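Breakdown of the fold
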Amino acid sequence: MTPHPKRKHSKGRRDRRRAHDALTAVNTVACSNCGSKRLPHTVCSNCGFYNGREVIQVKKEKKASE
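These remarks concern the structure in this document. The model shown is predicted, which means the values in this text are computed figures rather than measured ones.

Right, let's talk about the overall build of the protein for a bit. Check the secondary structure of the protein and you find one helix and four strands. Across the protein, helices and strands are ordered from the amino to the carboxyl terminus as α-β-β-β-β. Over its C-alpha atoms the protein spans a radius of gyration of 24 Å, topping by over 25% the 11 Å that the globule rule assigns to 66 residues. With the C-alpha coordinates of the protein rotated into their principal frame, the extents come out at 70 × 30 × 20 Å. Relative to its 66 residues, the protein shows a buried fraction of 8%. Long-range pairs, those at least 24 residues apart, make up 0% of the contacts in the protein with a sequence separation of at least 6. Surface summary for the protein: the accessible area is close to 6800 Å², and the carbon and sulfur share equals 51%. Each charge class in the protein can be summarised by its mean position, and for the 16 positive and 5 negative side chains these summaries are 16 Å apart.

The rules behind these values
In every chain, residue numbers begin from 1 and rise along the written sequence. Whole-chain, interface and lining totals are the exception, using all residues; otherwise, since this is a predicted model, local features are given only for residues with pLDDT of at least 70 and side-chain atom pairs are given and counted only at 80 or more. Calculation of side-chain values draws on the structure's entire complement of heavy atoms; hydrogens and water are dropped beforehand. Helix and strand labels come from DSSP, where a helix needs a run of H or I of at least four residues and a strand needs a run of E of at least two; each type is numbered from the N terminus. In this description the radius of gyration comes from C-alpha coordinates, and the expected globular size is given by 2.2 Å times residues to the power 0.38. The cut-offs for exposure are 20% and 50% of the maximum accessible area for each residue type, with area from a 1.4 Å probe on protein chains only; residues under the lower value are buried, those over the upper are exposed, and the others partly exposed. Two residues qualify as a contact provided that any one of their heavy atoms is within 4.5 Å of a heavy atom in the partner residue. All accessibility values rest on the Shrake-Rupley procedure with a 1.4 Å probe; residue burial counts only the protein chains present in the view. Residues scored as positive are Lys and Arg, those scored as negative are Asp and Glu, and His as well as the terminal groups of each chain are ignored. By convention, the point assigned to a charge is CZ for Arg, NZ for Lys, CD for Glu and CG for Asp.

Next up, the structure:
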C-alpha cells in the first residue's frame, strides 16, 4: 500500500509550485535579406542568408501547376 498525504495541499502551495511552468514566447528577428522571421544567430531557412551573405543554397519549391 502506498503512502497517502495526511493533509490536503493548499491552493497557494500548488500555485507556487506551478509558478515556473509558464511558457515563454520564442524570440524571433526579421531576416535582413528576405524579411521572414527566424531565430537570432541562425541561418535563415527561407533564403539561406546569414550576416548579409549567402551561407547555404535553399532549393526552390515547384508549384503544383508546373
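After presenting the structure, the write-up continues.
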